[in-house]
Amino acid sequence: MASSKCNVETLIKHAASTIGEGPHWEEKTGKLLYVDILSNDVYRYDVETGDNEKMHLDGSTSIIVPAEDGGYIASSLRKLCHLDWETKTVTDILEVPSIGSNDRFNDGKCDSNGRLWAGTMGYESEPAVNELEKGCLYKLDKGKEIHTMVEGVSISNGLAWTADNTVMYYIDSIPRHVYAYDFDQATGSISNKRIAVDFNQWSIDDAGFPDGMTIDIEGKLWVAGYMSSKVLQFDPVTGAKIRQVTVPGKRTTSCCFGGRDYTEMFVTSGRAGWTEEEFQQLDPLAGSVFKVTGLGVKGLPAPNYQC
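Since the model is a prediction, treat every value here as computed from it, not as a measurement. (Residues numbered from 1 in each chain as written. Predicted model: local features only at pLDDT ≥ 70, side-chain atom pairs only at ≥ 80, totals over all residues. Heavy atoms only, no water.)

1. Examining the overall build of the protein chain
Point 1. Each helix and strand counted, the protein chain has 2 helices and 27 strands in total.
Point 2. For 307 residues, the compact-globule estimate of 2.2 N^0.38 gives 19 Å, and the protein chain sits close to it at 17 Å.
Point 3. Viewed in the frame of its principal axes, the protein chain has a C-alpha envelope of about 45 × 40 × 40 Å.
Point 4. Relative to its full complement of 307 residues, the protein chain shows a buried share of 58%.
Point 5. If you take every contact in the protein chain between residues at least 6 apart in sequence, the share linking residues at least 24 apart comes to 49%.
Point 6. Of the roughly 12,200 Å² of accessible surface on the protein chain, 46% is carried by carbon and sulfur atoms.
Point 7. A gap of 3 Å separates the mean positions of the 29 positive and 44 negative side-chain charges of the protein chain. (Helix = DSSP H or I, 4+ residues; strand = E, 2+ residues; numbered from the N terminus. Rg over C-alpha atoms; globule rule 2.2 N^0.38 Å. Buried < 20%, exposed > 50% of the residue type's maximum accessible area, 1.4 Å probe, protein only. Contact = heavy atoms within 4.5 Å. Areas by Shrake-Rupley, 256 points an atom, 1.4 Å probe, with all protein chains shown as cover. Lys, Arg positive; Asp, Glu negative; His and termini not counted. Charge placed at Lys NZ, Arg CZ, Asp CG, Glu CD.)

Written as structure tokens, this is what we have:
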């Protein structure tokens, strides 16, 4: 395993004051979407002009994906909502039941058929310390009907699918596992759960907790290692670590490919949990969004939600 020789730059300094997450490259506009979870804010960043638009929601927000018929689907605590960016209108779609004391949505993505997969997590008293097995992974279909797909999750996190749509990868951060499931594209059903990557073979300093995730056109996974300052590339067939990219933000949270040809990687990070002194001395770029170029690989457009 080798460190990747690439270029890392700070794209949006202090983009989030709490937890930057959910990066999504919007192909239609050429803008980067992301959230600041505990500030309840969603952002649309123009990489050409540097303009950074914001919408404020009522609850903690961790997901934003474009809707095929216009606007965006976002999370607000345990609700999924439709956002009209131009009018700043928020329309609730549904709310999932509470299982723990203060659980919320955490991460979500759409599969190639436009169904939104969105997971929840139990109350987090401090970073990576939360009520265990109080989360679920849900699937929102085209008719806005919700289905519970996985139960007993601690921190529902990254999602990715193979190019042939036969395998879905899914992260539960606390057991430090990236799981693989057989995936039926037509029905959206999953089966045959197994561990694709076990982070427990590496220390927290070496690899962190698996957080957000993306996949490249070669079928390799890229996982943000929370508390490691790294994004790590894995072969999900063997579970082997291939290489790693170090960024100047210790609490790396997620990553996505984007740019005109999808050769750029955007990496979010968090600041929550640091005292002001720790922030200034240990992690002064915490909460920033970083851009990585020169990886020699590319990603694919992320699907939109299809109503």
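Now that the structure has been shown, we can carry on.
2. Describing the pattern of salt bridges
Point 1. Under the definition given, this model contains 11 salt bridges.
Point 2. The residue Arg260 makes a salt bridge to Glu48 at a minimum N-O spacing of 3.7 Å. Of the two residues, Arg260 is situated in the loop between strand 25 (252–258) and strand 26 (264–269) and Glu48 in the loop between strand 5 (41–46) and strand 6 (52–56); the sequence distance between them amounts to 212 residues.
Point 3. On the accessibility criterion, Arg260 (80% relative accessible area) is exposed. (Salt bridge = Lys/Arg side-chain N within 4 Å of Asp/Glu carboxyl O.)

3. Description of the pairing of strand 5
Point 1. Counting buried positions along strand 5 yields 6 of 6 residues, so the element is predominantly enclosed.
Point 2. The alternating pattern of strand 5 places Asp41, Tyr43 and Tyr45 on one face and Val42, Arg44 and Asp46 on the opposite face, and all of these are buried.
Point 3. Counted along the chain from strand 4 (residues 31–36) to the antiparallel partner strand 5, the turn is 4 residues long, and its residue Asn40 has a positive phi close to 65 degrees.
Point 4. As paired strands, strand 5 and strand 6 are joined by 5 bridges and run antiparallel to one another. Paired with Asp41 across the strands is His56, a residue of strand 6.
Point 5. In this antiparallel pair of consecutive strands, strand 5 and strand 6, the connection spans 5 residues, and Gly50 shows a positive phi of 85 degrees. (Pairing = 2+ DSSP bridges.)

4. Considerations on the side chain of Asp36
Point 1. Along the chain, Asp36 turns up in strand 4.
Point 2. In this structure Asp36 is buried but unpaired, with Lys54 as the nearest side chain of opposite charge at 7.8 Å.

Such coordinate-based values are descriptive only and should not be taken to indicate function.
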